[in-house]
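Read off the chains here:
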Amino acid sequence: MQSIQLFEDTVVRKERRIPTEGEVLVKPGDTVEPDTVVAKGVVENPDIRELKIYASLGISPDMVKNHMLKTEGDDVNKDEVIAIYRSFFGRSTKVARSPIDGRIESFSSTTGRAIVRGHPIQMMVKAHLPGEVVDVIDGEGAVVETRAAVLQGAFGLGGEAVGELVFAVDSADLPLTSEEIKAEHRGRVVVGGSVVTVDALRAAAKNGVSAVIVGGVDQKDLTEFLGYELGVGVTGGEDFGFTLIITEGFGVNPMDDARFSLLERHEGRLACVDGTTQIRSRIQRPEVVVPL
Amino acid sequence: MVVGGVIGIISGESAQRAALGAGALLMDQFSKDDRRPYFEKIARLRSLKPDIMLMAGGTDGGAVAQVLEMAGLVNTADVKPRFGREYQLPFIYAGNVEIRDQVKKVLGEEHYATRMVENVRPVISKENLGPAREGIYDAYMEHVIVHSPGYDELIRWSEEPLLPTQAAVGKILYAYAEARAMNLIGVDVGGETTDVYSVFNGIFNRSLNADIGITYGVMNIVKETGLGNVMRWLPPEMDERDIRNTVGNMMIHEYVTLSPEQKTVQAAVAREAVRLGLEKHKAIASRLKGVLVGRTISDIFKQALEQTIINMFKAQLVVGKGWVFRDQPALESAMILVDSLEPMGVTEIMVDRSSIMPHLGNLLGVNHDAALQILVEESLSNLATCVAPMGKAGEGEEAVTVHMTMDGSEMVESVKVGDTRLVPLGVDEVAEATFTPHRRLDLGAGRGKQVKKQIHGGEVGLILDARGRPLNRFRKTPKAPT
């Protein structure tokens, strides 16, 4: 079995970058907190719709240009009328509406079609860790460094999260049930023992828990909670309200003593977790980073 | 690779077969008639970043405007190669040869390293994949593998050009089928992918099921086929939760050795991986579309003309390759192939336990005979011969009776309809066998007609499988007579 790593005290360097050219808001030597914005930028919205305006108006394509209310470059709201055609002395009116909020990217007067693209998407990346900026990636982001205890999991779901490390169980071999998930766990990283039940997963989402770290989860319960079957082992984009990190594997698995005691020693400290997992040639395991 | 054509099921499919046959992992297929809007095709092409593009379209002297439109799409998309913006993406054109210059002009010289090869469909009724495959190998050598880490060192050790693994496996299987003048199906069950190779009447095909495998792709098998299809191969006492957890853990942990429970689950998911692989393979190994086919009176009574060239009655050999056939005992390995491929008639079953098939595929170019000799002596292991009749007969009736003669001694065994039977026949043993099917069952010679064959033994022996086809009895491991 491939080893899942654990470091009591190590230097963590994390690259923080946006997936486009943008503005970097930090410089080397800066001290950052988890919610410090490192870089921001704008990306083109992939939501693009082709509108057959001639069909909506019921006229030939070459007539459309005379009935357009908007032109290329105009912003439009969802359901806003962008072309109108009145016939029979105004008794019959047909309109073409925008299906989304966005901008008219192009209009062809020969084909009578327009393309509407959603508004640009604002991108930003936060530091996620408290630490120091040690390098800047021009136009894209920075590298943040911190001393930390690091624990990898076997499998995770959900992306990055931060919160105070709290224990919901007293021992590594105890299950994490819905009874142990309390209202005061909101925004916190909750540690369980051998397995998290499906009711506990629901309670964690309901109570706004930041992350759950636990030895195992029943794959059937997880499928029921997610509402779909997991396929290939590439995760991180799930959005069910919190991040889940499984340290040992599927089923009932008491958390490894070394992992449980490391977390115990850091109870009450800030934990920066990332459930992103990639089980493939370039393996990426989910991580719990506790800055020291 | 990304491939393109004018008509998806004609030139697009031929381009796909050429790419898969050359060992490529196919990322997407574009055609003039696919339903995606123009802008979506552009966005998709831009996002893919392939190593090589192949475009077909038009017979020689045929379509012009549609081919140029597809070339225009590729030009507008400005597809970037995986290895960064500083390289030109290899682009192979294998369409209408009479408009090569026009295609080159539309593509321009800036974005692509364009290579012209013979048309994959010079006329509608003929497929010519060889030159396109060679073009892919050349582009792979010149533009792709040179960027791989360690290439400089490796190329110094080899006098032969390096081939993608799947291409080399395909070459050695083709050479073996050619040498024995037989049809065969080979399956390679990997951790992340399942490849299926076939040689039928001298035509080679390969298909690939990405993300279907027994480690990284194991949970995806359950997702694709449904848990019920996996559970039908497992003992009924196994709990669904245990099965799901075992599958999940097989994905997230790289086990060096498997527990008995994990082995049982692995054998079940492997059956589904191969079955899914064969389904896809049948679609790829299809008769040429767009060709006018004369139909006879008997065809009119059939639901549809058979689309695939894969006929399990005519496959004389199936070969299994991959870790699963090394992890599993011989009988289980044989039954994985029998249950998933459902061979009919008399079929030899072999597995590769050596993992040297790709190397032998490359050795073919240096010493053809030596490569085949090593394949037979060191790579392929005879597991069994499977005898499976087709047709319907009453449950419990004698389905097949076999008379075997070996070294002067005789043996008679039989199997009843719905049952399986194992007849011992050792690795180096050869027997003259006469199979007599039930009067309503067919072993390839016609209903009730005897089949005489010399059969070779194996680690398992002779499997008599009278469960019928398609299979509807699943947990049936054959037992030797007491």
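Keep in mind that this is a model prediction, so the values were computed, not measured. (Residues numbered from 1 in each chain as written. Chains lettered and ligands numbered in written order. Predicted model: local features only at pLDDT ≥ 70, side-chain atom pairs only at ≥ 80, totals over all residues.)

### Section: the overall build of chain A
1) Next: If you tally the helices and strands in chain A, you get four helices and 22 strands.
2) Next: A compact globule built from 292 residues should have a C-alpha radius of gyration of about 19 Å, whereas chain A, at 25 Å, is more than 25% larger.
3) Next: Within chain A, buried positions represent 42% of all 292 residues.
4) Next: Contacts in chain A between residues at least 24 apart in sequence constitute 65% of all its contacts with a sequence separation of at least 6. (Helix = DSSP H or I, 4+ residues; strand = E, 2+ residues; numbered from the N terminus. Rg over C-alpha atoms; globule rule 2.2 N^0.38 Å. Buried ≥ 20, exposed ≤ 12 C-beta atoms within 10 Å, placed from the backbone. Contact = placed C-beta atoms within 7 Å.)

### Remarks on the sheet that holds strand E7 (residues 193-200) of chain B
Residues and elements named next belong to chain B.
1) Next: Pairing is mixed across the open sheet formed by eight strands, whose spatial order is E8-E7-E6-E9-E10-E11-E17-E14. For this open sheet the edge positions go to strand E8 (203-210) and strand E14 (420-423), each flanked by a neighbour on one side alone. Here the strands of the sheet are splayed against their neighbours by 20 degrees on average, with no regard to which way each runs.
2) Next: Examined bridge by bridge, strand E10 (residues 345-352) and strand E11 (residues 380-388) share eight bridges and lie antiparallel to one another. When the sheet's bridge partners are listed, Asp352 is paired in E11 with Leu380.
3) Next: Along the sheet, helix H7 (residues 165-180) contacts strand E6 (184-189), E7, E8 and strand E9 (317-321); its crossing angle with E7, the most-contacted strand, is approximately 30 degrees.
4) Next: Each of E6, E7 and E8 touches helix H11 (residues 260-284); the most contacted strand, E8, lies at about 130 degrees to it. (Pairing = 2+ DSSP bridges. Axes fitted to C-alpha atoms, helices over the stretch in contact; angles between N-to-C directions.)

### Considerations on unusual backbone geometry
1) Next: The peptide bond linking B:Arg469 to B:Pro470 adopts the cis configuration, its omega dihedral lying at -10 degrees.
2) Next: With respect to the helices and strands, the residue B:Pro470 is situated in the segment after strand E17 (461-465).
3) Next: Of note in this structure, A:Asp79 is not a glycine but carries a positive phi near 70 degrees.
4) Next: Looking at A:Asp79, the number of C-beta atoms within 10 Å reads 11, which means it is exposed.
5) Next: Within the chain, B:Asp407 stands out as a residue other than glycine whose phi angle is a positive 50 degrees.
6) Next: Position of B:Asp407 among the secondary structure elements: in the loop between strand E12 (398-406) and strand E13 (409-416).

### Observations regarding the environment of B:Gln66
All names here are of chain B.
1) Next: Tracing the backbone through its elements, the reader meets Gln66 in helix H3 (residues 65-77).
2) Next: For Gln66, a count of 20 C-beta atoms within 10 Å gives the class buried.
3) Next: Each C-alpha atom, one on Gln66 and one on Lys314, is 39 Å from the other, the two residues being 248 residues apart in sequence.

### Remarks on the interface of chain B and chain A
1) Next: Listed per partner, the contact involves 22 residues of chain B and 21 residues of chain A.
2) Next: At the level of elements, helix H2 (38-48), helix H8 (218-225) and helix H10 (240-252) of chain B are the ones that each hand at least two residues to the side of chain B that touches chain A.
3) Next: Per-element tally for the side of chain B that touches chain A: the top contributor is H10(B), with eight residues.

### A word on the domain arrangement of chain A
1) Next: For chain A, the assigned domains are domain 1 (6-43 + 126-291) and domain 2 (48-118).
2) Next: Averaged C-alpha coordinates put domain 1 of chain A and domain 2 of chain A at centres separated by 47 Å. (Domains from an automatic or database assignment.)

### Brief notes about the sheet that holds strand E11 (residues 121-126) of chain A
Residue and element names in this part refer to chain A.
1) Next: With respect to topology, three strands assemble into an open sheet ordered E2-E4-E11, the strand pairing being antiparallel. For this open sheet the edge positions go to strand E2 (22-24) and E11, each flanked by a neighbour on one side alone. Between one strand and the next, the sheet's axes are offset by a mean angle of 15 degrees, whatever the strand orientation.
2) Next: Across six bridges, the pairing between strand E4 (residues 37-43) and E11 is antiparallel.

### Remarks on the domain arrangement of chain B
Residues and elements named next belong to chain B.
1) Next: Splitting chain B by domain gives domain 1 (2-162) and domain 2 (184-388).
2) Next: Once you take the C-alpha centre of each, domain 1 and domain 2 turn out to be 29 Å apart.
3) Next: With 14 residues of domain 1 in contact, the opposing surface of domain 2 contributes 14 residues.
4) Next: Split by residue class, the side of domain 1 that touches domain 2 holds seven nonpolar, three polar and four charged. (Nonpolar A, V, L, I, M, F, W, Y, C, P; charged D, E, K, R; others polar.)

### With respect to the environment of A:Gly141
All names here are of chain A.
1) Next: Tracing the chain through its elements places Gly141 in strand E13 (residues 141-152).
2) Next: The class for Gly141 is buried, based on 27 C-beta atoms found within 10 Å.
3) Next: Other than its neighbours up to four places away in sequence, Gly141 contacts Glu15, Arg16, Arg17, Ile18, Val24, Val38, Ala39 and Val125.

### Thoughts on the packing of H3(B) against helix H4 (residues 100-107) of chain B
All names here are of chain B.
1) Next: At a minimum axis distance of 8 Å, the contact between H3 and H4 shows a crossing angle of 25 degrees. Judged by the angle between their axes, H3 and H4 are roughly parallel. Helix-helix and strand crossings are classified by hand; for H3 and H4 the assignment is right-handed. Between H3, through Val67, Leu68, Ala71, Gly72, Val74 and Asn75, and H4, the contact on the second element is made entirely by Gln102, Val103, Val106 and Leu107.
2) Next: In terms of residue class, the contact of H3 with H4 is built from seven nonpolar, three polar and no charged. (Parallel < 35°, antiparallel > 145°, perpendicular 65-115°, else oblique. Left-handed = near helix turned anticlockwise from the far one by under 90°.)

### Observations regarding helix H14 (residues 330-341) of chain B
Residue and element names in this part refer to chain B.
1) Next: In this model, H14 (12 residues) spans 17 Å end to end at C-alpha, consistent with the 16 Å of a helix rising 1.5 Å per residue.
2) Next: Counting buried residues along H14, 10 of its 12 residues qualify, which places the element largely inside the surrounding structure.
3) Next: By the burial criterion, the buried members of H14 are Ala330, Ser333, Ala334, Met335, Ile336, Leu337, Val338, Asp339, Ser340 and Leu341.
4) Next: Where H14 ends, the next residue or the one after it, Glu342, has phi of about 50 degrees, a positive value. (Expected span 1.5 Å × (residues − 1).)

### Thoughts on the packing of helix H2 (residues 198-206) of chain A against helix H3 (residues 219-226) of chain A
All names here are of chain A.
1) Next: The interhelical angle for the contact between H2 and H3, taken along N-to-C directions, is 40 degrees, at an axis separation of 9 Å. In this structure, H2 meets H3 at a crossing whose hand is right-handed. Mapping the contact onto sequence places Val198, Leu201 and Arg202 in H2 and Asp221, Glu224 and Phe225 in H3.
2) Next: Its residues assigned to classes, the contact of H2 with H3 comprises three nonpolar, no polar and three charged.

### Some words on the nonpolar core
1) Next: Counting 196 residues, the largest nonpolar core has B:Met53, B:Leu54, B:Ile92 and B:Ile136 as its most contacted members.
2) Next: For this core, the leading source of residues is H11(B), giving 10 residues.
3) Next: What B:Met53 contacts, discounting residues up to four positions off in sequence, is B:Met1, B:Val2, B:Val74, B:Val79, B:Leu89, B:Phe91 and B:Ile92.
4) Next: With 14 residues, the next largest nonpolar core counts A:Ile53, A:Ile82, A:Phe107 and A:Val116 among its residues. (Core = buried A, V, L, I, M, F, W, Y, C linked by C-beta atoms within 7 Å.)

### Section: the confidence of the model for chain B
All names here are of chain B.
1) Next: Per-residue confidence for chain B averages 88 on the pLDDT scale, and 94% of its residues sit at or above 70.
2) Next: The weakest mean pLDDT in chain B belongs to helix H12 (residues 297-300) at 51; the strongest belongs to E9 at 96.
3) Next: Across residues 299-305, confidence stays below pLDDT 50; counting only partners more than four residues off in sequence or on other chains, it has four contacts. (pLDDT = per-residue confidence, 0-100.)

### Thoughts on the pairing of strand E1 (residues 2-5) of chain B
Successive side chains on a regular strand alternate, one facing one side of the sheet and the next facing the other.
All names here are of chain B.
1) Next: Neither face of E1 is open: one carries Val2 and Gly4, the other Val3 and Gly5, and all of them are buried.
2) Next: Summarising the sheet, E1 and strand E3 (residues 53-55) pair through three bridges and their orientation is parallel. When the bridges of E3 are listed, Val3 appears paired with Leu54.
3) Next: As defined by bridge partners, E1 adjoins strand E2 (residues 28-31) across four bridges and the pair is classed as parallel. Within the sheet, the bridge partner assigned to Val2 lies in E2 and is Asp28.
4) Next: The handedness of the E1 to E2 crossover, carried by helix H1 (residues 8-21), is right-handed. (Right-handed = clockwise from strand over helix to strand, strands pointing away.)

### Focus on the pairing of E11(B)
Residue and element names in this part refer to chain B.
1) Next: Counting buried residues in E11 gives eight out of nine residues, a clear majority hidden from the surface.
2) Next: Note that E11 and E17 share four bridges and pair parallel. Bridge pairing in E17 places Cys386 opposite Ile463.

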